[in-house]
Amino acid sequence: MNENSSGLPLHHLRRVSKPDTDSHAVSMVHFDRIVTKFGRDPRTAHALLTSRDAQSRLIISREHAYVTRKPHNNEHKLHDDNSLNGVFVNDIKINGSIILKTGDLVTFGHLNGRLITPGSRELQPDSEYQYMFELCNCHWKDKNQENQSEAQL
C-alpha cells in the first residue's frame with residue numbers, strides 16, 4: 001500500500017464514469033497534498049474537470065470543490081467551494097462539506113444542481129464526473145510527478 005507525505009495510507013479518487021471526452025480531464029487524483037482543488041480553471045485546479053461537451057463542461061465551476069487531508073489522522077474532507085451546480089456523495093447533494101469514507105461515490109456538478117436542495121438524492125448515471133474514493137493500491141513511482149501528470153498542472 002502507498003503512503004502519503006504523513007506516512008499514512010494514501011487515498012485517491014478514481015474516475016468511474018464514462019471514459020474521458022477530453023485529454024485534459026483527470027482520471028485519478030492522489031491525495032498527497034493537504035489541500036487538493038477541483039475545477040475547470042487550469043490555473044487554480046490541481047485536478048482539472050473538463051469535457052469537450054459544452055453542456056457538461058459548464059456544470060463545473062472554475063473553482064468547484066476541494067479536499068482537505070488532516071495529516072495527523074488521515075481524514076479526508078470534501079468541501080463544495082460555493083459551486084453553482086453542487087457536489088454529490090453517494091448521489092446526495094452535500095451541504096458545505098462531508099468527511100469521505102472508502103467506497104464513497106463522488107459526483108461533481110449536476111445539470112440542474114442549482115435547483116437541488118442539499119440533502120436531496122439525485123441519480124446521475126450519465127455524469128462524466130463520477131469518482132470512487134479508495135485506498136491507493138496502484139503502482140505509483142513518484143507521487144509528485146504522478147499528481148502533476150494526472151491533474152494536468
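First things first, this report covers the structure right here in the doc. (Residues numbered from 1 in each chain as written. Predicted model: local features only at pLDDT ≥ 70, side-chain atom pairs only at ≥ 80, totals over all residues. Heavy atoms only, no water.)

**Some remarks on the nonpolar core**
Put simply, the test is: Among buried residues, the Ala, Val, Leu, Ile, Met, Phe, Trp, Tyr and Cys ones that are joined through side-chain atoms within 4.5 Å form a nonpolar core. Under the scheme applied here, a residue whose accessible area is under 20% of the maximum for its type counts as buried, over 50% as exposed, and between as partly exposed, the area being computed with a 1.4 Å probe on protein chains only. The numbering of helices and of strands both runs from the N terminus, where a helix is a DSSP run of H or I of at least 4 residues and a strand a run of E of at least 2. Residues are treated as being in contact if the distance between any of their heavy atoms lies within 4.5 Å.
With 21 residues, the main nonpolar core has Leu13, Phe38, Leu49, Leu78, Val106 and Phe108 as its most contacted residues. Mapped onto this core, the elements with two or more residues apiece are strand 5 (65-69), strand 7 (87-89), strand 10 (105-108) and strand 11 (130-135). Discounting chain neighbours no more than four positions away, the residues touching Leu78 are Ala65, Tyr66, Val67, Val87, Val89, Ile94, Gly96, Ser97, Ile98, Leu100, Val106 and Phe108.

**Overview of the sheet that holds strand 3 (residues 35-39)**
This is how the line gets drawn: Here, a strand pair is defined by DSSP locating no fewer than two bridges between the strands.
Taken in spatial order, the 5 strands of this open sheet run 4-3-5-6-9, and their pairing is mixed. At either margin of the open sheet sits one strand with a lone partner, and together these are strand 4 (47-48) and strand 9 (97-99).

**Some details on the side chain of Gln130**
Secondary-structure assignment places Gln130 in strand 11. When near neighbours in sequence (up to four residues on either side) are disregarded, Gln130 contacts Arg14, Arg15, Val16, Ser17, Leu105, Val106, Thr107 and Gln124.

**Notes on the sheet that holds strand 2 (residues 28-30)**
An order of 2-1-11-10-7-8 is seen for the 6 strands of this open sheet, with the pairing classed as antiparallel. Edge positions in the sheet fall to strand 2 and strand 8 (92-93), since each of these pairs with one other strand and no more. As judged from the 3 bridges shared by strand 1 (residues 11-15) and strand 2, these two strands associate in the antiparallel manner. Of the residues in strand 2, the one forming a bridge with His12 is His30.

The values are spatial; any link to function lies outside them.
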